[in-house]
Amino acid sequence: MKIAIIGTGNLGSSIAKGLIGNKSFSSLYLSDKNTSAVKAFEDEDYVTITSDNVLAVESSDIVIFALQPRHIDTVLESVSSHITNNHVVMSVAAGFEISKIESIVGSDKNVIRVMPNTAISIGKSMTCLAANDKGQDKIELAKNIFNQLGTTMVIPEEQIQAATVICASGIAFWMRLVRATTQGAIQLGFEAHEAHELALQTCYGAASLLKESGRHPEEEIDRVTTPSGCTIEGLNEMEHQGLSSSLIKGINASFEKINQLKKS
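Just so it is clear, the model here is predicted, and its values are computed rather than measured. (Residues numbered from 1 in each chain as written. Predicted model: local features only at pLDDT ≥ 70, side-chain atom pairs only at ≥ 80, totals over all residues. Heavy atoms only, no water.)

### Remarks on the pairing of strand β6 (residues 110-115)
Along β6, 6 of the 6 residues are buried, which leaves the element largely enclosed by surrounding structure. Of the two faces of β6, the one lined by Asn110, Ile112 and Val114 and the one lined by Val111, Arg113 and Met115 are each fully buried. Bridge count between strand β5 (residues 88-91) and β6: 4 bridges; the pairing is parallel. The residue bridging serine 91 from the neighbouring strand is arginine 113, located in β6. Chirality of the crossover, the property in question, places the unit of β5, helix α4 (residues 98-105) and β6 among those that are right-handed. Relative to strand β7 (residues 125-131), β6 runs antiparallel, the two being bridged by 4 bridges. Its bridge partner lying in β7, methionine 115 is registered against cysteine 128. (Buried < 20%, exposed > 50% of the residue type's maximum accessible area, 1.4 Å probe, protein only. Helix = DSSP H or I, 4+ residues; strand = E, 2+ residues; numbered from the N terminus. Pairing = 2+ DSSP bridges. Right-handed = clockwise from strand over helix to strand, strands pointing away.)

If you want it as structure tokens, here you go:
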């Protein structure tokens, strides 16, 4: 596959790193006005670093626009005449709808919105996909690419905003929970590096256990809570202090914010 990534900020670079790690391309163009941002990739085989977006588009079959919403329309307009019916246009710009992309490149083009998270750089992303009518035939292609970089889910476009909160912002939410657990462990007497390792591996183990067993979280909770034990004591205190409600409120606050950004 001939792939181009236009925009190499945190997310664009993470996608590039994941693709390079899996060698899942015949050529990869990384285009950004600040080419120094991806200098680390310049010695990779079949990777071209450029600031020429048109060159990147013309040299590729799949073009991933990893740009912020305020920049993507200008960049799309500058390359739209070079996008053909054979191209697959993918956008990771939050809040930038397929209809807006179609208004620039045409509704006769293959357009797919992609919402990964930064864990894509290590092949562990949860990536949601939504396509326009023309792009439905290319969904399997998109799944093949991003399944190499984690897990994919095809959803209606109207759910992309919610997926952004759960999957992309969700990385930060889980990081904060790991950090809080680390701080608790330090308070209990562990050194900072020990506390971090304890929290990190326990979080990883919990997620792995759910994924591999297929069990509901409450089933696993029941397996470690004994009558009058320390686990249920801790869980109940966390709930009294609003752990679950705070997390749910935070998710909803993020969703309200992203919808405000969509309207602006």
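### Here's the deal with a nonpolar patch on the surface
A grouping of Leu188, Phe190 and Leu198 is seen on the molecular surface, where their side chains present a nonpolar patch of about 320 Å² in accessible area. For phenylalanine 190, the position within the fold is in the loop between α6 (160-187) and α7 (192-213). (Patch = residues over 30% accessible without salt bridge, like charges linked within 9 Å, V, L, I, M, F, W, Y side chains within 5 Å. Areas by Shrake-Rupley, 256 points an atom, 1.4 Å probe, with all protein chains shown as cover. Salt bridge = Lys/Arg side-chain N within 4 Å of Asp/Glu carboxyl O.)

### Regarding the UniProt feature "domain: Pyrroline-5-carboxylate reductase dimerisation" (unreviewed entry) in the chain
Sequence positions flagged by UniProt for "domain: Pyrroline-5-carboxylate reductase dimerisation" (unreviewed entry) are, in local numbering, residues 157-260. End C-alpha to end C-alpha, residues 157-260 measures 17 Å, and it is 84% helix and 0% strand. (UniProt positions renumbered as here; feature names shortened; annotations may be inferred.)

### Structural notes on the packing of α6 against α7
Closest axis-to-axis distance for the α6/α7 pair is 8 Å, and the angle between their directions is 135°. The orientation of α6 with respect to α7, classified from their angle, is oblique. As for the relative orientation of α6 and α7, their crossing is right-handed in sense. Here Val178, Thr181, Thr182, Ala185 and Ile186 of α6 lie close against α7, whose contacting residues are Ala192, Ala195, His196, Ala199, Leu200 and Cys203. Residues belonging to the contact of α6 with α7 are distributed by class as follows: 8 nonpolar, 3 polar and no charged. (Axes fitted to C-alpha atoms, helices over the stretch in contact; angles between N-to-C directions. Parallel < 35°, antiparallel > 145°, perpendicular 65-115°, else oblique. Left-handed = near helix turned anticlockwise from the far one by under 90°. Contact = heavy atoms within 4.5 Å. Nonpolar A, V, L, I, M, F, W, Y, C, P; charged D, E, K, R; others polar.)

### Comments concerning the UniProt feature "domain: Pyrroline-5-carboxylate reductase catalytic N-terminal" (unreviewed entry) in the chain
The UniProt record annotates "domain: Pyrroline-5-carboxylate reductase catalytic N-terminal" (unreviewed entry) at residues 2-95. Here residues 2-95 is 32% helix and 23% strand, with 27 Å between the C-alpha atoms at its ends.

### Description of the sheet that holds β7
The strand order β3-β2-β1-β4-β5-β6-β7-β8 describes an open sheet built from 8 strands, whose pairing is mixed. Taken across any chain shown, the strands that pair with only one partner, and hence form the sheet edges, are β3 (47-50) and β8 (150-154). The mean inter-strand angle of the sheet, taken between neighbouring strand axes irrespective of direction, is 20°. Across the sheet, helix α3 (residues 69-79) lies against β1 (2-6), β4 (62-65) and β5, angled at about 155° from β4, the strand it touches most.

### Describing the pattern of salt bridges
Under the criterion given, the structure shown has 7 salt bridges. Between lysine 109 and aspartate 108 there is a salt bridge; the shortest N-O distance is 3.2 Å. Lysine 109 sits in the buried class, given a relative accessible area of 9%. For arginine 223, the salt bridge goes to glutamate 220, with nearest N and O atoms at 3.2 Å. In this pair, arginine 223 and glutamate 220 are both assigned in helix α8 (residues 217-224), 3 residues apart and thus about one turn of the helix distant. Beyond isolated ion pairs, a larger network of salt bridges with shared partners links Arg215, Glu220 and Arg223.

### What to know about the pairing of β7
Most of β7 is tucked away, with 6 of its 7 residues classed as buried. Where β7 lies against β8, 5 bridges are found, and the strand directions are parallel. Counted as the bridge partner of threonine 127 is threonine 152 from β8.

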